[in-house]
Amino acid sequence: MLEGFPIEIFGQNKPTTQQNAYLHMVAEYKILQEKGEKFKQKIIELKKQGIKTEPAFGMLLGLENPYEDLLKF
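These numbers were taken from a predicted model, which means no experiment stands behind them.

Trainee: Explain the packing of helix H1 (residues 20-35) against helix H2 (residues 37-48) to me, using residue names and the numbers behind them.
Mentor: Two numbers describe how H1 lies on H2: the axes approach to 6 Å, and their chain directions differ by 130°. Looking at the two axes, H1 sits oblique to H2. Residues Ile 31, Leu 32 and Lys 35 of H1 form the contact with H2, whose participating residues are Glu 37, Phe 39, Lys 40 and Ile 43. Here the residues of the contact of H1 with H2 sort into 4 nonpolar, no polar and 3 charged.

Put into C-alpha cells, the structure is as follows:
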C-alpha cells in the first residue's frame, strides 16, 4: 500500500516485449480498437468499481481465465 493505494509489482526475467504484462496491454489495445468506444466505456466503469483490467476484459468478453486467454489475442 502506498498512501492508501494498493500497489502490485509483477516482473518476468525476459525482454519487455515478451512479458505477459506487455502482451496483455497490446491485446487490450487491439480489442479496444476493434470493439469501439462503448466497450471502452464499459471497461472504464468496471475499473471505477475496483475491478482490475484483465478481469474487466474477461467479464465483457466471456473469458474463463482472462490472464491466460488475453495472451491468445
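Now that the structure is up, let's keep going.
Trainee: Help me get a handle on a nonpolar patch on the surface, residues and values and all.
Mentor: A surface patch of nonpolar side chains, amounting to about 490 Å² of accessible area, comprises Leu 2, Phe 5, Ile 7 and Ile 9. Mapped onto the fold, Ile 9 is located in the segment before H1.

Cut-offs used in this document
Residues numbered from 1 in each chain as written. Predicted model: local features only at pLDDT ≥ 70, side-chain atom pairs only at ≥ 80, totals over all residues. Heavy atoms only, no water. Axes fitted to C-alpha atoms, helices over the stretch in contact; angles between N-to-C directions. Helix = DSSP H or I, 4+ residues; strand = E, 2+ residues; numbered from the N terminus. Parallel < 35°, antiparallel > 145°, perpendicular 65-115°, else oblique. Contact = heavy atoms within 4.5 Å. Nonpolar A, V, L, I, M, F, W, Y, C, P; charged D, E, K, R; others polar. Patch = residues over 30% accessible without salt bridge, like charges linked within 9 Å, V, L, I, M, F, W, Y side chains within 5 Å. Areas by Shrake-Rupley, 256 points an atom, 1.4 Å probe, with all protein chains shown as cover. Salt bridge = Lys/Arg side-chain N within 4 Å of Asp/Glu carboxyl O.

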